[in-house]
Amino acid sequence: MATYDYDLFTIGGGSGGVRASRFASQYGAKVALAEKSALGGTCVNLGCIPKKLMSYAAHFHDDFADAAGFGWQLGKTRFDWATLIANKNREIERLNGIYRTVLEQASVAVLDGHAHIEDAHTVVVNGRSITARFILIATGGRPTRPVFPGGEYGITSDDFFHMDALPARAVVTGGGYIAVELASILNGLGSKVTLIYRGSRILRTMDHDLGPFLAAEMAKKGIDVRFDTDIEAMHVDGAVKHLQLNTKPGSGGIDAECVLFATGRAANTVHLGLEKAGIAVRENGSIVVDAQFRTSIDSIYAIGDVIDRVALTPVALAEGMMVAANLFQQGERRLSYENIPTAVFSHPNVATVGMTELDARQKYGTIKIFKSEFKALKHTLSGSTERTFMKLVVDADSDRVVGVHMVGPDAGELVQGFAVALQCNATKAQFDATIGIHPTMAEEFVTMRTPV
Ligand code: NDP
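Residues numbered from 1 in each chain as written. Predicted model: local features only at pLDDT ≥ 70, side-chain atom pairs only at ≥ 80, totals over all residues. Heavy atoms only, no water.

Novice: I keep staring at the overall build of the protein and nothing clicks. Help me out?
Specialist: On a plain count of helices and strands, the protein comes out with 13 helices and 21 strands. Projected onto the principal axes, the alpha-carbon positions of the protein cover approximately 70 × 60 × 45 Å. Each of the 452 residues in the protein was classed as buried or not, and the buried ones make up 50%. Here the protein displays about 21000 Å² of accessible surface, and carbon together with sulfur accounts for 53% of that area. Separation between the mean location of the 44 positive side-chain charges and that of the 49 negative ones in the protein comes to 2 Å. (Helix = DSSP H or I, 4+ residues; strand = E, 2+ residues; numbered from the N terminus. Buried < 20%, exposed > 50% of the residue type's maximum accessible area, 1.4 Å probe, protein only. Areas by Shrake-Rupley, 256 points an atom, 1.4 Å probe, with all protein chains shown as cover. Lys, Arg positive; Asp, Glu negative; His and termini not counted. Charge placed at Lys NZ, Arg CZ, Asp CG, Glu CD.)

Novice: How should I be thinking about the sheet that holds strand E14 (residues 258-261) in this particular structure?
Specialist: Across a sheet, strands are paired by hydrogen bonds formed along the backbone, either parallel or antiparallel in direction. With respect to topology, four strands assemble into an open sheet ordered E10-E9-E8-E14, the strand pairing being parallel. The sheet terminates laterally at strand E10 (224-226) and E14, the two strands that pair on one side only. Across the sheet, the mean angle from the axis of one strand to that of its neighbour is 15 degrees, orientation sign disregarded. Pairing of strand E9 (residues 192-196) with E10, which is carried by three bridges, proceeds in the parallel orientation. (Pairing = 2+ DSSP bridges. Axes fitted to C-alpha atoms, helices over the stretch in contact; angles between N-to-C directions.)

Novice: Mind showing me how you'd approach the site of the ligand here?
Specialist: Inspection of the region around the ligand gives 20 residues, with Gly175, Glu181, Tyr197, Arg204 and Ala343 positioned closest. Here an oxygen atom of the ligand sits 3.4 Å away from a polar atom, N or O, in the main chain of Tyr177. Here an oxygen atom of the ligand sits 3.4 Å away from a polar atom, N or O, in the main chain of Ala262. Protein burial of the ligand: of its 910 Å² of free accessible surface, 74% is covered by the chains. In terms of residue count, the dominant contributor to the shell around the ligand is helix H6 (residues 177-189) (three residues). Looking at the shell around the ligand residue by residue, the class counts come to nine nonpolar, five polar and six charged. (Near = heavy atom within 4 Å. Polar contact = N/O pair within 3.5 Å; in protein donor to acceptor, adjacent residues only side chain to side chain. Nonpolar A, V, L, I, M, F, W, Y, C, P; charged D, E, K, R; others polar.)

Novice: Just checking my understanding: could you explain the packing of aromatic side chains for this structure?
Specialist: Note on aromatic pairs: each is described by the distance of the centres and the angle between the planes. Scanning the entire structure with this criterion turns up ten aromatic pairs. Measuring from ring centre to ring centre gives 5.9 Å for Phe60 and Phe64, while their planes differ by 35 degrees; the resulting arrangement is tilted. Of this pair, Phe60 and Phe64 both sit in helix H3 (residues 48-67), four residues apart, roughly one helical turn. Judged by centre distance (5.2 Å) and plane angle (80 degrees), the rings of Phe160 and Phe161 are edge-to-face. With a relative accessible area of 0%, Phe160 lands in the buried category. Among the residues examined, Phe161 registers a relative accessible area of 2% and is labelled buried. By way of ring pairs, the aromatic residues Trp81, Phe160 and Phe161 are connected into one cluster. The residue whose ring lies beneath Lys30 is Tyr6, and the NZ or CZ to ring-centre distance is 5.0 Å. (Phe/Tyr/Trp six-rings, centres within 6.5 Å; stacked < 30°, edge-to-face > 60°. Lys NZ or Arg CZ within 6 Å of the ring centre and 35° of its normal.)

Novice: It is not clear to me how the sheet that holds strand E11 (residues 231-237) should be interpreted in this structure. Could you clarify?
Specialist: Spatial strand order, E11-E12-E13: three strands in an open sheet with antiparallel pairing. Where the open sheet ends on each side, the last strands, each with one partner, are E11 and strand E13 (254-256). Direction aside, neighbouring strands of the sheet carry axes that sit 25 degrees apart on average. Here three bridges tie strand E12 (residues 240-245) to E13, and the two strands are oriented antiparallel to one another. Along E13, the bridge assignment pairs His242 with Asp255.

Novice: Explain the pattern of salt bridges here, please?
Specialist: Think of it this way: side chains of opposite charge can pair up when their charged atoms draw near. Taken as a whole and judged by the stated rule, the model has 20 salt bridges. Between Asp62 and Lys221 there is a salt bridge, with its nearest N and O atoms 2.8 Å apart. Residue Asp62 is located in helix H3, and its partner Lys221 is located in the loop between helix H7 (210-220) and E10; the two are separated by 159 residues in the primary sequence. Put simply, Glu91 and Arg94 hold a salt bridge, and the shortest N to O gap is 2.9 Å. With Glu91 and Arg94 both in helix H4 (residues 81-105) and three residues apart, the pair spans about one turn of that helix. The partly exposed category is assigned to Glu91, whose relative accessible area is 24%. Each of the salt bridges in this network shares a partner with another, and the network as a whole consists of Asp207, Asp209, Glu357, Arg361, Lys371 and Lys391. (Salt bridge = Lys/Arg side-chain N within 4 Å of Asp/Glu carboxyl O.)

Novice: Please explain the nonpolar core as it appears in this structure.
Specialist: The nonpolar side chains of a soluble globular protein tend to be buried, and buried together. In this structure, Phe9, Ile117, Ile137, Ile279 and Ile287 are the most contacted members of the largest nonpolar core, which totals 50 residues. Looking at which element gives the most residues to this core, the answer is strand E6 (residues 128-137), with six residues. Apart from the residues lying within four places of it in its own chain, the contact partners of Ile279 are Ile117, Ile137, Leu274, Ile287, Thr295, Ser296, Ile297 and Ile300. Counting residues in hydrophobic clusters, the runner-up holds 39 residues, among them Ile85, Phe161, Ala179 and Met206. (Core = buried A, V, L, I, M, F, W, Y, C linked by side-chain atoms within 4.5 Å. Contact = heavy atoms within 4.5 Å.)

Novice: Is there a simple way to explain the packing of H3 against H4 in this structure?
Specialist: Any two packed helices are characterised by the angle at which their axes cross and by the distance between the axes. Direction vectors running N to C along H3 and H4 enclose 145 degrees, while the axes themselves pass 10 Å from each other. Considering the relative orientation of H3 and H4, their crossing is right-handed. Two secondary-structure elements touch here, H3 through Ile49, Pro50, Leu53, Met54 and Ala57 and H4 through Trp81, Leu84, Ile85, Lys88, Glu91, Ile92 and Leu95. Of the residues in the contact of H3 with H4, the class split is ten nonpolar, no polar and two charged. (Left-handed = near helix turned anticlockwise from the far one by under 90°.)

Next up, the structure:
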């Protein structure tokens, strides 16, 4: 039998790669991992974690405004971008260190450098050839940029987290997760924000009620949300970027100090040696894998954003654990992609689990829809006009709740619990039999009685 330097060689030290390596090692495999940049990948360095910390920072804007109705008199408040970025960077460096410690404690060899695949069992890192029985590609993704004259003057989410200063005016383009999250952060911190989206419904892959509700709430918070709008060209005059839009001639453009593209992400497969190794990729560069995450080469696996299935950290973690178990615990386990809960940390938050109304109608034929829109108790005194939206999708035949959707504060915290209920095939009758916690927003999910 052939002998290799390692049982598993993982390329990429993000959420999926680290989790797979750690579990493989716990199952007795000899594991190495290569990372060319900071450990923790997009989530820790340029995504979930810094985004959520900055979202907390931006929320203080509303908190200060809400306080007066409860009797608090605040002095003049001032936001300091440099403090937030320095504190955020310090926390991320701490997490980078924790990732390294976790890998070292699990006896995973960490190699700092770019790795490329030479053949089915060989990778090259910093000029050194290393052999492995299995190779796992977990290289994640990177932001894409739209192409138009002057497009090089825009920034992406990668740059956002390291901007020198908060821009006075910002244009964010896109209508997905990153666009609404970063537009909300910039707005909360004090930029004058315009969100431009080429379509007519932001978050268009989610239930059709969520995007319009969120857009209206974002507009109430001061964001200029424009639909059916695209950038045609960008000219730079000193610090100011002038955008020419595809709107009516003569309607003018927009000026901003920052233009942020949130127009999607692509798989990180450049310079990986995929072609040489004979690994099949799709037209968009993402790697094709089977149900066990095996690529077109038997000994090479891939997980996470690089396979372009569901680009969420917890999904990459689940995929990583499954690969490790299948390779080193025997078996052909399959991951279920049903009922994956997800939250968008826009202001207000959006969270969802299960099916959209339209998908459920297509699958089940007859469905019942329960909706509620209300002003949260807090805002009876705060003076805020923010409203909350909740929706349940129920299969009429089985009475099973097949979709839970929400726009409102802490939606992710609420919907996580309801995801367990969906995982257990809970029925609407069981929702109805559940006693509410009063006074909360969450109780609305168990007190909606009349279908719309
Ligand atoms: P999305 O795919 O969610 O959204 C991309 C947006 O950009 C869409 O609205 C799309 O429009 C628009 N777009 C694409 N190309 C162009 C173009 N050339 N010009 C103008 N607009 C364009 O991508 P994101 O980058 O926001 O996020 C990527 C993924 O990362 C998400 O799908 C999610 O899985 C994950 N993520 C998760 C987060 C979370 O869990 N909270 C946070 C951030 C990201 P159209 O709708 O017309 O296609």
